[in-house]
Amino acid sequence: MELARDDERILAGEEGPTRQQMLELLVALGKVFGAERLVPIRSAQVSGASYKTIGEYGLEWLRSLDAKAVVPAILNPIGMPRGRWEEMGVDPVFAGKQEEVVAAYERLGVTLECTCTPYYLYQTGFGDHLAWSESSAVSYANSVIGARTNREGGPGALAAALIGKTPCYGFHLAANRKPSIVIDVAMPNRKMGMAEYGALGYHAGKLVGNRVPFFRGIRPDTDQLKALGAAMAATGAVALYHVEGVTPEARDPAALPASLEMIAIEAAELEALFTDVPVDAVAVGCPHCSPAELEELSRLLAGKIVTMPFYVFAAQGVIDRNQKTVDRIEKSGARVFADTCMVVSPVMEQYSAIMVNSGKALAYVPDMCGAVARMGTIEECVRVATSRGSG
Ligand code: F3S
């Protein structure tokens, strides 16, 4: 692999053992994937931040490192809202350990925003190279913004943050960003909201695996694209997709190779995902809510009181910039928490059935929380959370 003179110095250990170890990791990754060079990145998003997932071994490894991030770097959601963990009912022993993980990252110069929506906080533009970890954030960056990132593992993203570069392979290269399957969507009678796009992504991800789908027949807005991509990354391994006439790298369909496989998805295939099982909690904000989602929620909850736990998740920076909206939501008894989510917080394991409006949460809640997941629109989530029964 071609390396700059500065990189050779780092590899020789002239900037300390941590930077040496981190660059060795990036070079090894690059060799495995056939990268010819490293590419400078604009930002990093580092997974492996929840004590629930990294445990004591991961914490010890973080503590052994000694260097500072040289590009803006933030964390993936952790197991608790940092300022409000008691209110969420997080076990104090877990909270203490989680604080130690966060402190270890802070020492490495990582900003203590813990979110899967870094694009609401950091300027990220078309063509920017990134080293992001969380699958929905990666999908959004590649597909909706037209930035370039592979789905980094936690150590790879942290190494990229500390070195400021990542190996140039995979989705950093234009040749790998072309569609590899066409999906024609026919939803003539179904109003397509966030939940429907989440359901579409849940279904499509299972069909396409890790290919690059090109959708025709839909006109999602940016929040709906977020829901679609998050779900496809969860049930498949889709890190980039295109939507005709909507996303920045969607080609003229006439220019698509005639040999591309084409599949069709119809409304009836998604209906079965919307059930009416009784639930004991509602959780929205997977991926973390946008300002528009918070605004819609505050409108739907106006004048109502929730009769079961209702969790809303968003980035702290988004909460801070929309505090009045958040206050209106919380007047209903719902709670808007930063830094965590319904999948990574151990608190959610106390429930037997959780209602969500997200295809990604629908895929992950059963395994990660041990609970049944019920899919519904945001209107249905509010109706269920504010009615006396659970259905
Ligand atoms: Fe984000 Fe947690 Fe969903 S990390 S995408 S809210 S599972």
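Note that the structure is predicted; figures quoted are calculated from it, not measured.

*Asks:* Where do I start with the environment of N76 in this structure?
*Replies:* Considering the arrangement of structural elements, one finds N76 in the loop between strand 3 (73-75) and helix 4 (85-88). Residue class for N76 comes out buried when judged on its relative accessible area of 12%. For the pair N76 and G236, spaced 160 residues apart in the sequence, the C-alpha separation amounts to 20 Å. Apart from residues no more than four positions distant in its own chain, N76 is found in contact with Q45, V46, S47, A49, C114, T115, C116 and E134.

*Asks:* I tried to follow the site of the ligand on my own but got confused; where do I start?
*Replies:* Taken together, the neighbourhood of the ligand is formed by P77, C116, E134, S136, G285, C286, P287, C341, V343 and K360. Residues that form the shell around the ligand fall into these classes: six nonpolar, two polar and two charged.

*Asks:* For this particular structure, what's the right way to read the sheet that holds strand 5 (residues 131-132)?
*Replies:* Sheet strands pair by backbone hydrogen bonding; their relative direction is either parallel or antiparallel. In spatial order, the strands read 4-3-2-5; together these four strands make up an open sheet with parallel pairing. Strands at the two margins of the open sheet, each flanked by one partner only, are strand 4 (111-114) and strand 5. Looking at chain direction, strand 3 and strand 4 are connected through two bridges and run parallel. The partner of I74 across the bridge, within strand 4, is T111. Its contacts with the sheet place helix 7 (residues 154-163) against strand 2 (44-46), strand 3 and strand 5, and it is angled at close to 140 degrees to strand 2.

*Asks:* Teacher, can you tell me more about the pairing of strand 14 (residues 353-356) here?
*Replies:* Moving residue by residue along a regular strand, the side chains alternate between the two faces of the sheet. Alternating positions in strand 14 separate into two faces, A353 and M355 on one and I354 and V356 on the other, with burial throughout. Pairing of strand 14 with strand 15 (residues 372-375), which is carried by four bridges, proceeds in the parallel orientation. Within the sheet, the bridge partner assigned to A353 lies in strand 15 and is V372. As for the winding sense of the linkage, the β-α-β connection from strand 14 through helix 14 (residues 359-369) to strand 15 is right-handed.

*Asks:* I tried to follow the sheet that holds strand 10 (residues 261-266) on my own but got confused; where do I start?
*Replies:* Spatial ordering of the open sheet is given by 9-8-7-10, a layout of four strands whose pairing is parallel. Looking at strand neighbours, the two that pair on one side only are strand 9 (242-243) and strand 10, the edges of this open sheet. Here two bridges tie strand 8 (residues 213-216) to strand 9, and the two strands are oriented parallel to one another. Bridging across to strand 9, F215 finds its partner in V243. Contacts from helix 8 (residues 194-208) reach strand 7 (181-186), strand 8 and strand 10 within the one sheet, and its direction differs from that of strand 10 by about 150 degrees.

*Asks:* Honestly, the packing of aromatic side chains in this entry has me stumped. Any pointers?
*Replies:* The description of an aromatic ring pair uses the distance of the two centres, along with the angle that the planes make with each other. Enumeration over the complete set of coordinates arrives at nine aromatic pairs. Judged by centre distance (6.1 Å) and plane angle (5 degrees), the ring pair of Y311 and F313 falls under stacked. Judged on exposure class, the residue Y311 and its partner F313 are both buried. Ring geometry for Y311 versus Y351: centroids 6.0 Å apart, planes at 65 degrees, classification edge-to-face. Here Y311, found in strand 12 (residues 310-313), pairs with Y351, found in the loop between strand 13 (335-337) and strand 14; they are 40 residues apart in sequence, far enough to count as distant. For Y311, a relative accessible area of 7% corresponds to the buried category. Aromatic rings pair up to connect Y119, Y120, W132 and Y140 into one cluster.

*Asks:* Help me out: how do you make sense of the nonpolar core in this one?
*Replies:* Within soluble globular proteins, side chains that are nonpolar tend to cluster in buried spots. By size, the foremost hydrophobic cluster in this structure holds 140 residues, and its most contacted members are L200, F215, F310, M342 and V365. Setting aside residues no more than four positions away along its own chain, V365 makes contact with M342, V343, I354, V356, G370, A371, V372 and A373.

*Asks:* Would you explain the pattern of salt bridges in this entry?
*Replies:* Where charged atoms of side chains with opposite charge meet at close range, the side chains can pair. According to the stated counting rule, one finds 22 salt bridges in the structure shown. We note a salt bridge from E60 to R63, for which the minimum N-O separation is 2.8 Å. Linking E60 with R63, this pair stays in helix 3 (residues 51-63), spanning three residues, or about one helical turn. Residue E60 is classed as partly exposed on the basis of its relative accessible area of 42%. Two residues, E87 and R84, come together in a salt bridge whose shortest N-O distance is 2.9 Å. Among the residues examined, E87 registers a relative accessible area of 44% and is labelled partly exposed. For R84, a relative accessible area of 25% translates into the label partly exposed. Among the charged side chains, a network of salt bridges with common partners joins D6, R9, E14, E15 and R19.

Basis of the calculations
Residues numbered from 1 in each chain as written. Predicted model: local features only at pLDDT ≥ 70, side-chain atom pairs only at ≥ 80, totals over all residues. Heavy atoms only, no water. Helix = DSSP H or I, 4+ residues; strand = E, 2+ residues; numbered from the N terminus. Buried < 20%, exposed > 50% of the residue type's maximum accessible area, 1.4 Å probe, protein only. Contact = heavy atoms within 4.5 Å. Near = heavy atom within 4 Å. Nonpolar A, V, L, I, M, F, W, Y, C, P; charged D, E, K, R; others polar. Pairing = 2+ DSSP bridges. Axes fitted to C-alpha atoms, helices over the stretch in contact; angles between N-to-C directions. Right-handed = clockwise from strand over helix to strand, strands pointing away. Phe/Tyr/Trp six-rings, centres within 6.5 Å; stacked < 30°, edge-to-face > 60°. Core = buried A, V, L, I, M, F, W, Y, C linked by side-chain atoms within 4.5 Å. Salt bridge = Lys/Arg side-chain N within 4 Å of Asp/Glu carboxyl O.

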